[in-house]
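Breakdown of the fold
Each chain is listed here by its residues.
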Amino acid sequence: MRAVLGPTNTGKTWYAMDRMLAHKTGMLGLPLRLLAREVYDKICLARGPAAVALVTGEERIVPEKARYWVCTVEAMPVSMGADFLGVDEIQLCADPERGHVFTDRLLSARGSKETLFLGSSTMQRMISELVPEAGFQFRRRLSNLSYTGARKISRLKPRSAVVGFSVEDVYSIAELIRRQRGGAAVVMGALSPRTRNAQVALYQNGDVDFLVATDAIGMGLNLAINHVAFSGLTKFDGRRIRRLQPNELAQVAGRAGRHRASGTFGVTGDAQPLHSEIVSAIEENRFAPVQQLQWRNTELDFRSAKSLIASLEMPSENKLLVRSRDADDFLALTEICQSSDIPSRLASEGDVKLLWNVCQIPDFCNVSSHQHAEQLKKVFSFIHDIGYIPDAWLEQQVRRVDRTDGDVDTLSKRIAQVRTWTYVSQRADWVQDSNRWSERARDLEARLSDALHDSLTNRFVDRRASVLLKTLKRKDGFVANVDKAGEIHVEGERVGRLEGFRFRQEPSSTPEETKAVRAASLQALASEYNLRASRIYSAPNKEIDFTEQGGLMWGEHAVGRITAGGGILSPDVEVFVDDEAGSEVRRRVGKRLTAFLEQKVASLCEQLLALRADEELAGPARAFSYALVEAFGVLRRGQVAEMVKSLDQDARRSLRKHGVRFGQYTIFVHSILKPEATRLRLVLWSLAQNLKEFPSPPPPGLVTIPVIAGAPKGYYPLSGFFRVGDRAIRIDMLERLANLIREHDSRAGFESTADMLSISGLTLDQFAGAMRGLGYSAERREREKIRAPKHLPDGESVQRIEDESGTKSKDKPRTALKALAAESNVDASETRSRPGDAAEVESGSNAGSSENGKVKAENAAAGGDEAAAQLGDAAEGTDQALAADEKPEEPEKVVFYTFKWEPRQRKVQSAPNADAVARKHAVSKHRGGMTSAPKKRAKSRKPVNSDQGEMAARSRKPAKVKDKPKDAVDPNSPFAVLSALKNKL
């Protein structure tokens, strides 16, 4: 009998395996089933599976001719009498939870020819006292172990293990390493052997460079670890949180270094640096000897439950052996014996032994003692009453956990429950078909273990980073490729995307990886850059477009942007091409984008370019054309009033050839109102104004839009709109509205017509606000609604409506109905009219018709056709209304506005005469607020848009000249067009 003592990495376990294989039969007890599985696999390779048995609490593989038994210490069949018997990590005799089992093996387990106890040198004194016949063999560590202090997790070197002392710590550390370093393998004692082996393989194969584990790795697991970092220095031992002893730290830290390779240890996270004395003790392997061992009586009294409990509570007579704390099996026994039904069934020693054996089923699920006891009572009742556990009940328990979905915690709990039934199924005297149930439980545990491994890997390992890291270590270069969608893959893992001609690499875990991946990706992209350059060079213009912010798009990819050039209509192009693509690719992309932009400007700004290039323009016309081009084709008339006055008819005629329209409020080139031209014009204007963010153009097709708060100065004219109050109207529609207003006496006052509302695209109230913005007063009034006469003979309704509306025409009943609708002020929001009925701008052309052929008044519009239809419907029902002797309805009120031209007056020094104000108020009150328009138009000229502060500078309507010769009138003048229309009427 010998005790082989020494620190970690001394080869003690390997020595015990060699000694066991030197005998015909042997048994080796190990502290963890994970280590037992590792040793079992190694001996199977040496002697074959038929000669090796594996016995743990949850797993039992026993061939018929097994000669070598690898077991956990608790599961060792010590009574079989093998030639060799060995117990590893014998210092666990002092462990509060499991120590009594190791102490029993130290005191009673023997091999017939050789016995070995392996462990720390701290056990020398206790072994000498309790087993005097034992000899000692001391072994020195094969490599050095040194302390490196505290380091952040992000600064840990590869091939490091971070140790946590709770499941929560392990998971949080693994998640942090995944985000910062690409991923980590997870090893805990609660994992099934299959899951643990798969996780260790991730680390051993180099798929990940970090291992996160509990202190379970200190129990003989041999891994290629260079550094061990403690994330904490305390642990919960089942009853309280206590500080780790130096010898416990050394047991874990000693996993660093393998064979002759030296290792290091330190702290990380929230752990405080180790004291120098503790560091010295670990490095020199100097620890205080164990003073007492945990012990529990093994000579049990099964005459009754009380006698069994008394024998378990019996203390040792040896002072070196202290009674261990109450273990799970003892707590379950006392809990069951306190119930009302179980004690009555304990009639014999066999019943008590059965109860004790059932109580030794481990609490794998770590549930409450009461819940665990209730489950054990059920098992005992089945075996005691019918002699076995029913298959149906066992099937029900297994089926509950036969699912592989769920997260890490869910799968871990299911495996823990399966371990319970795996343990039970190994007892041939408890189940009807032990082999079938053992196979069923092992198969389920294997499937759950694989699912848990996948879940752990998906949660704590970045697969892409893992593959790239492993490939990087080979130093033979990456294999990269580009798919049709522009996705770049290295070793099958996505590493980035080619967007146009720029490579967007995904973040990597380390700078070295980033550099290597980029180099491999660019090597694969070399041909892709040239291929795309050829495609864009021959691409039609429809595949390229510009954005509202000046970006140049090729399909869905940004390939450049528009920049300010030598002139406002001569922009430049900046291409988005990686430097690695080469100068030739950059040149071809730039040339194609420049050609696209030049063609776009030439197409959308054709009339502006022609106006600028017209050498026949001279004098005032030349100056005016220059100002118009610099303003991108839109000028407010008040800003250039003096220049307009200087233009004679020939000059105006020359400008109109280029699409210039002289309106009352604006002077513009009609083609620039197209949506596409507006979008380009705003981009070019924003570049000229050095705006950081370009304003968006108004939605196409709208006649009026609300004013946008914070819009840059000059935005509305460049957008093709004219601001009036809190709204803006499209400039061509505003000019058509101005022509309609000319037909009324703005000095005496007039009401809005359906055509005015339709053209402006406004409701009645909105129209009133717009008119105020143009310099008119808007007085809101009400009157009774004029209804169609009732009880008229067929064919007379229209004529009477015409008579009451004051319409003289006998041949146009629709016109009469329109007039009546306008007079009765039909709600504009409910009717619409045809835009072709409105007057056109000067030349009679409809600038808006170039877009859609119709005015799109989505916001509102009231029309004469529908108003007439409504009145006609009312007339049709008059006969039935009076025939039914209905009572007269209450008079219905309608709202209308009276508009007058009221330019802003200059401020005067003296206040207005109070008497004059009073008289004016009395007269207005006496008239009841009604104003009738004079029959003849005033011949005064009318200024425009006083709200914009341009009263004095605006053009006004000239007085009529009756005797002016016809040859002196410009045939393209809007006045000539209006006169011709009037003569026709």
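Above: the structure in question.
Quick notes on the rules
- Each chain carries its own residue numbering, running from 1 in the written order of its sequence.
- Given that the model is predicted, a residue must reach a pLDDT of at least 70 before its local features are reported, and side-chain atom pairs must reach 80 or more before they are shown or counted; all residues, however, enter totals for whole chains, interfaces and linings.
- In computing side-chain properties, one takes all heavy atoms of the structure into account and sets aside hydrogens as well as water.
- In this description, a nonpolar core means a group of buried Ala, Val, Leu, Ile, Met, Phe, Trp, Tyr and Cys residues linked to one another through side-chain atoms lying within 4.5 Å.
- The classification of residues rests on relative accessible area computed with a 1.4 Å probe and restricted to protein chains. Under 20% of the type maximum is buried, over 50% is exposed, and intermediate values are partly exposed.
- Only heavy atoms enter the contact rule, under which two residues are in contact if any of them lie within 4.5 Å.
- Think of each axis as a best-fit line through the C-alpha atoms, taken over the contacting stretch in the case of a helix, with angles from 0 to 180 degrees between the N-to-C directions.
- The secondary structure listing takes helices from DSSP runs of H or I that are at least 4 residues long and strands from runs of E that are at least 2 residues long, numbered from the N terminus.
- Put simply, a crossing is left-handed when the front helix is turned counterclockwise from the back one by less than a right angle, and right-handed when it is turned clockwise.
- Any carboxyl oxygen of Asp or Glu within 4 Å of a side-chain nitrogen of Lys or Arg constitutes a salt bridge here.
- For classification purposes, an angle smaller than 35 degrees is called roughly parallel, one larger than 145 roughly antiparallel, one from 65 to 115 roughly perpendicular, and anything else oblique.
- Gly is put with the polar residues, along with every residue not named as nonpolar or charged; the nonpolar set is Ala, Val, Leu, Ile, Met, Phe, Trp, Tyr, Cys and Pro, and the charged set is Asp, Glu, Lys and Arg.
- Here a polar contact is taken to be a pair of N or O atoms separated by no more than 3.5 Å, where protein atoms must pair a possible hydrogen donor with a possible acceptor and residues adjacent in sequence count only if both atoms sit in side chains.
- The patch calculation keeps residues exceeding 30% relative accessible area without a salt bridge and links them within 9 Å when they carry like charges or within 5 Å when they are nonpolar (Val, Leu, Ile, Met, Phe, Trp, Tyr).
- Note on areas: Shrake-Rupley, 1.4 Å probe, and residue coverage restricted to the protein chains presented here.
- The positive count covers Lys and Arg only, the negative count covers Asp and Glu only, and His and the chain ends enter neither.
- The location of each charge is read from NZ of Lys, CZ of Arg, CG of Asp or CD of Glu.
- Two strands form a pair only when DSSP identifies at least two bridges running between them.
- To estimate how far a helix should reach, multiply one less than its number of residues by 1.5 Å.
- In this context, the arc is that of the directions from the helix axis out to the C-beta atoms.
- Working definition: a ring pair exists when centres of Phe, Tyr or Trp rings (six-membered ring for Trp) sit within 6.5 Å. Plane angles under 30 degrees give stacked, over 60 give edge-to-face, the rest tilted.
- When the NZ atom of lysine or the CZ atom of arginine is within 6 Å of a ring's centre and also within 35 degrees of its normal, the charge is said to sit over that ring.

Here's the deal with the nonpolar core
- Core analysis: the largest hydrophobic core is formed by 99 residues, its most contacted members being F501, Y529, L569 and F624.
- Not counting residues up to four positions away in its chain, the partners in contact with F624 are L635, V640, M643, V644, L647, L655, F662 and I667.
- Core analysis: the next-biggest nonpolar cluster, separate from the first, contains 63 residues, A332, C337, F364 and W393 among them.

Section: the packing of helix α6 (residues 193–204) against helix α15 (residues 434–460)
- Remark: α6 packs on α15, axes separated minimally by 8 Å, with the N-to-C direction vectors making an angle of 35°. Regarding α6 and α15, the two cross each other, and that crossing is right-handed. On α15, the residues that touch P193, R194, T195, A198, Q199 and L202 of α6 are E445, A446, S449, D450, L452, H453, L456 and T457.

Topic: the pattern of salt bridges
- In total, this model carries 43 salt bridges according to the counting rule given.
- A salt bridge links R399 to E395; the shortest N-O distance between them is 3.1 Å. Placement of both R399 and E395 in helix α13 (residues 391–400) is noted, with a separation of four residues, approximately one turn of the helix.
- Taking the shortest distance from any N to any O, the salt bridge between R653 and D650 comes out at 2.7 Å. With a gap of three residues between them, R653 and D650 both fall in helix α22 (residues 649–656), about one helical turn apart.
- Residue R653 is classed as partly exposed on the basis of its relative accessible area of 30%.

Focus on the packing of α13 against α15
- The interhelical angle for the contact between α13 and α15, taken along N-to-C directions, is 5°, at an axis separation of 12 Å. Comparing the axis directions of α13 and α15 gives the class roughly parallel. The segment α13 lies against α15, with D391, L394, E395 and V398 engaging R436, W437, R440 and L444.
- For the contact of α13 with α15, the residue count by class is four nonpolar, no polar and four charged.

Quick word on the environment of V669
- Of note, V669 is situated in strand β29 (residues 666–669).
- We classify V669 as buried; its relative accessible area is 0%.
- A sequence separation of 64 residues divides V669 from C605, and the C-alpha atoms of the two residues are 9.6 Å apart.
- Those residues in contact with V669 that lie beyond four places of it in its chain are Q607, L608, L628, G633, H658, G659 and V660.

Re helix α20 (residues 620–630)
- Within the span of α20, buried status applies to A621, F624, S625, A627, L628 and V629.
- Buried positions along α20 lie against α19 (606–613), β27 (634–636), α21 (641–645), α22, β28 (660–662) and β29.
- The positive-phi residue at the C-terminal boundary of α20 is F632, with phi of around 60°.

Observations concerning the environment of Y529
- Within the secondary structure, Y529 is located in helix α17 (residues 511–537).
- Judged by relative accessible area, which is 1%, Y529 ranks as buried.
- Considering only alpha carbons, one finds Y529 and R502, 27 residues apart in sequence, at a separation of 9.1 Å.
- For Y529, the residues in contact, after removing those within four places along its chain, are L498, F501, F503, L522, D578, A581 and V585.
- A polar contact of 2.7 Å, which involves the side chain of Y529, links it to the side chain of D578.

Observations concerning unusual backbone geometry
- The phi dihedral of N9 falls on the positive side, at around 60°, and the residue is not glycine.
- Assignment of secondary structure puts N9 in the loop between β1 (2–5) and α1 (12–21).
- On the accessibility criterion, N9 (17% relative accessible area) is buried.
- Positioned with a positive phi, N690 is a non-glycine residue whose angle comes to about 55°.
- Relative to the helices and strands, N690 is located in the loop between α23 (675–688) and β30 (704–706).
- Under the relative-accessibility criterion, N690 is labelled exposed at 67%.

Notes on a negative patch on the surface
- Together, E168, D169, D270, D407 and D409 make up a negatively charged patch on the protein surface.
- Counting through the fold element by element, D270 comes out in the loop between β16 (263–267) and α8 (276–284).

Some words on the sheet that holds strand β2 (residues 26–30)
- Spatially, eight strands are ordered β4-β3-β5-β2-β6-β7-β1-β8 in an open sheet, and the strand pairing comes out mixed. Two strands close off the open sheet at either side, each with one partner strand: β4 (60–61) and β8 (135–138).
- Inspection of the sheet shows strand β6 (residues 84–87) paired to strand β7 (residues 114–119) by four bridges, in the parallel sense. Paired with L85 across the strands is T115, a residue of β7.
- On top of the sheet, α1 reaches β1, β2, β5 (68–72), β6, β7 and β8; it is set at about 170° to β7, its chief contact.

What about the sheet that holds strand β32 (residues 727–730)?
- Strand order across the open sheet formed by three strands is β30-β32-β31, with antiparallel pairing between neighbours. Two strands close off the open sheet at either side, each with one partner strand: β30 and β31 (721–724). Neighbouring strand axes in the sheet, compared pairwise and without regard to direction, differ in orientation by 30° on average.
- Here three bridges tie β30 to β32, and the two strands are oriented antiparallel to one another. Each bridged residue has a counterpart across the sheet, and for T704 the counterpart in β32 is I729.
- Along the sheet face, helix α25 (residues 731–742) touches β31 and β32 and points at about 85° away from the line of β32.

Examining helix α18 (residues 583–604)
- The end-to-end C-alpha distance of α18 is 31 Å, a good match for the 32 Å that 22 residues give at a rise of 1.5 Å each.
- Of the positions making up α18, those classed as buried are V585, V589, G590, R592, L593, F596, L597, V601 and L604. Seen end-on, α18 carries its buried residues on one side only, within an arc spanning 165°. Seen from the buried face of α18, the exposed residues on the opposite side, beyond 90 degrees, are S583 and E598.

Overview of the packing of aromatic side chains
- According to the stated counting rule, one finds 14 aromatic pairs in the structure shown.
- Ring geometry for F382 and W393: centres 5.1 Å apart, planes at 55°, overall tilted. One end of the pair, F382, is in helix α12 (residues 369–386); the other, W393, is in helix α13, with eleven residues separating them in the sequence. In terms of burial, F382 and W393 fall into one category: buried.
- Grouped by ring-pair contacts, the aromatic residues F750, F767, Y776, Y897, F899 and W901 constitute a single cluster.
- Seen from the ring of F330, R323 lies directly overhead, with NZ or CZ sitting 5.9 Å from the centre.
- Positioned above the aromatic ring of F896 is the side chain of R783, whose terminal nitrogen or guanidinium carbon lies 4.1 Å from the ring centre.

Things to note about the side chain of H227
- You can see H227 is positioned in strand β13 (residues 227–230).
- Owing to a relative accessible area of 6%, H227 belongs among the buried residues under this scheme.
- If sequence neighbours within four positions are ignored, H227 has contacts with T148, L156, R159, S160, A161, A256, T264, F265 and G266.

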